[in-house]
Amino acid sequence: MPKLKIWLVIFFLIISVPRVFALKTHLTPERILVVVNTKSPKSKRVAAFYQKARQIPAENMLYLPMPTREEITRPFYLKFIETPIRKFLEKKAWQDKILVILLMPDVPHKIAGKVAKNGDAASVDSELTLLYRKMLFGPYRKDGWLPNPYFQSPIDEPFEHDRYDIYLVTRIDGYTEKDSLALIKRATAAKKTHPPYTLVLDAKDGPARPGDNWLHAAYLLLKDFPGLKIEASFNRAFLVSGERVIGYASWGSNDPNYPKDRKLYFKFLPGAIGVTFVSTSARTFIEPPRHWQVNRGRKYFFQGSPQSLIGDLVRLGITGISGNAYEPYLSACARPHLLFPAYLKGKTLAEAYYRSLAYLSWQTVVLGDPLAGIGPREVERPPLENWFVKRKEAYQEAKKSKDYLLLAKIEMHLGWPEKALKYLKKLKEEKETLPPQAYSLLLAMARQKDFERRVIDFLKYDSNENAKIVEAFIYIKHKRYAWAEKVLLETPLKTPDALFLFGKVKLALKDCESAVKLIEKAIALKPNAWGFYPDLYRALKACGQKERAEKIRAKLLQMPSLAELWPELKN
């Protein structure tokens, strides 16, 4: 009888433990292409160490002679890096087999060019992400960034080419060969890392500040995560130490209280990852002088900047970190509220970082073993189904059958709005009414600074409500509210989007009561359109309904999924 009671107790203990669902991944050693610089002994030695540590097949090791300098011109990038990789993949028909391109030390990481939002300077790593797409459809636009299709992807969805026409690209690097080898050793040891661990979130201000909104959202999402302690600073204090750290996010040297001597005292666990919102944190992997200090005058710049470097965090013991080769602008940095939950729940390092990056063909460098991870994970090896070939055939068929809508979508996908508009003009000549998807493309074109006039000319005689929405959007963008009002009054306002835009116009024209009614009507028709709420908040405040406005604001600021809207709620 006592034995029966003991077994019953054990049974109920077992069934009462919460089930842990392992996330699935398709990332395996045979689906990684390792790129090595044959002109660098260090690159070859680190590659050999990684190959052995992760059991990478010999046929997945690509040895290329290339310059050993950090920055190269675009013609050199094409000649020594992109073209040889493309030819290798095409020869083996491995376009779908390879999911990750891993770059070894001394593979150049910067492509020189114009540094601006419409510039062509980029990291080698981010440029290579679009090689799959380029092999499919041809050249893409180099001036500025392109949207990352994997951004904000579902956590439980493994990265695969049936859905995503990009590669994930990471690199192994650091100030020294020893740092690079340590990065690999920590990644392979990460599977033994277990709770308790600490997440460090170092903000500068409240949740309505851009950048800090992501840190606050990460806090809300993970404050009850089992075994995780959060060390957070949401004020002027800068955190310099922590025990058993598994994640780290801060403004780096952009925080005025960052230590000028660069001395941090975090004790990172194997598998720890991080992000800093610093413009040029990956500008170099040349080690600075020991006594170099950040944020001093131009005389004391190191490698062209006074800013902190991610190499310092690698030296300190982190396993994965993202940085920027050139000025990325804040919106292009890895977003902690998307990065840390995915990684802690079992995503690989490569998948976690890329679902947190909004843009590609830009400035990001992700340091770390793509296979690194700490959470429960189920490795799948599904059969490859020639998705590349199927896409290529569909593209050729679209050109043959003159599927102008699909061709316009592809051109927008490549960043060519001019070509997309030409296809929509041909579609318009064929059909009396454009399909709704065509207006979605036109709205995407209207978001581009120098393209609004062409979109308005294209829609000149179009009375469709969707056309009026696009026109009104452009006028609102340029604060021509009376023109936007006139355009919207030319059609019956039936859809939530039209009602919302009209409410936005009324608010700008100081008619707050009409604005509240219109936006509330739009929300009633589309309850989950959270993007409408910041304008409702502002309209209520303008009408003196401050108590109700503050209730809406407080509710939205407790919803981490709406973090991108929080800056619009700034008092």
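Residues numbered from 1 in each chain as written. Predicted model: local features only at pLDDT ≥ 70, side-chain atom pairs only at ≥ 80, totals over all residues. Heavy atoms only, no water.

Regarding the layout of surface pockets
Gaps left between atoms are located by rolling a probe of water-molecule size over the structure's atoms.
Move 1: Estimated volume of the largest pocket: approximately 1,700 Å³.
Move 2: Around the largest pocket, the lining is made up of 38 residues, and of these Ala444, Arg447, Gln448, Lys449 and Lys477 lie nearest the centre.
Move 3: Considering only residue class, the lining of the largest pocket consists of 17 nonpolar, 7 polar and 14 charged.
Move 4: There is about 450 Å³ of room inside the second largest pocket. (1 Å grid on protein atoms, 1.4 Å probe; cavity = no way out; pocket = protein on both sides within 12 Å on 5 of 7 lines; lining within 4 Å. Points joined across faces, edges and corners; volume = space filled by probe spheres on them. Nonpolar A, V, L, I, M, F, W, Y, C, P; charged D, E, K, R; others polar.)

Looking at the pattern of salt bridges
Move 1: Inspection of the entire model under this criterion finds 33 salt bridges.
Move 2: Note that Arg163 is salt-bridged to Glu157, the shortest N-O span being 3.5 Å.
Move 3: Residue classification places Arg163 among the partly exposed residues on the basis of a relative accessible area of 35%.
Move 4: Residue classification places Glu157 among the buried positions, given a relative accessible area of 19%. (Salt bridge = Lys/Arg side-chain N within 4 Å of Asp/Glu carboxyl O. Buried < 20%, exposed > 50% of the residue type's maximum accessible area, 1.4 Å probe, protein only.)

So, the nonpolar core
Move 1: Ranked by internal contacts, the top residues of the largest apolar core, which has 181 residues, are Ile85, Leu89, Leu128, Leu424 and Leu442.
Move 2: Among the elements that make up this core, the one with the highest residue count is helix α16 (residues 465-477) (8 residues).
Move 3: Those residues in contact with Leu442, other than ones at most four positions away along the chain, are Leu421, Leu424, Leu434, Val455, Phe458, Leu459 and Val470.
Move 4: Counting residues in hydrophobic clusters, the runner-up holds 6 residues, among them Phe151, Ala332, Ala358 and Trp362. (Core = buried A, V, L, I, M, F, W, Y, C linked by side-chain atoms within 4.5 Å. Helix = DSSP H or I, 4+ residues; strand = E, 2+ residues; numbered from the N terminus. Contact = heavy atoms within 4.5 Å.)

Some details on the packing of aromatic side chains
Move 1: For the coordinates displayed, the defined rule picks out 22 aromatic pairs.
Move 2: With a centroid separation of 5.3 Å and 75 degrees between ring planes, the pair formed by Phe238 and Tyr258 is classed as edge-to-face. Of this pair, Phe238 sits in the loop between β11 (228-233) and β12 (241-250) while Tyr258 is found in the loop between β12 and β13 (265-276), placing the two residues 20 residues apart along the sequence. When sorted by exposure, Phe238 lands in the same class as Tyr258, which is buried.
Move 3: Clustering of aromatic rings is evident, with ring pairs tying together Tyr132, Tyr167 and Phe388.
Move 4: Looking at Arg209, its charged tip hangs above the ring of Trp251, at a distance of 5.5 Å from the centre. (Phe/Tyr/Trp six-rings, centres within 6.5 Å; stacked < 30°, edge-to-face > 60°. Lys NZ or Arg CZ within 6 Å of the ring centre and 35° of its normal.)

Focus: unusual backbone geometry
Move 1: Along the chain, Pro195 connects to Pro196 via a cis peptide bond; the corresponding omega equals 5 degrees.
Move 2: Positive phi outside glycine occurs at Ala93, with the angle close to 55 degrees.
Move 3: Take Ala93: it is sitting in the loop between α3 (74-92) and β5 (100-103).

Things to note about helix α21 (residues 546-556)
Move 1: Inspection of α21 places Ala549, Ile552, Arg553 and Leu556 among the buried residues, and these make up the whole buried set. Down the axis of α21, the buried side of the element spans an arc of 100 degrees, and every buried residue falls inside it. Opposite the buried face of α21, at more than 90 degrees from it, the exposed residues are Glu547, Lys551 and Lys555.
Move 2: Contacts made by the buried residues of α21 are with α20 (533-542). (Arc of directions from axis to C-beta.)

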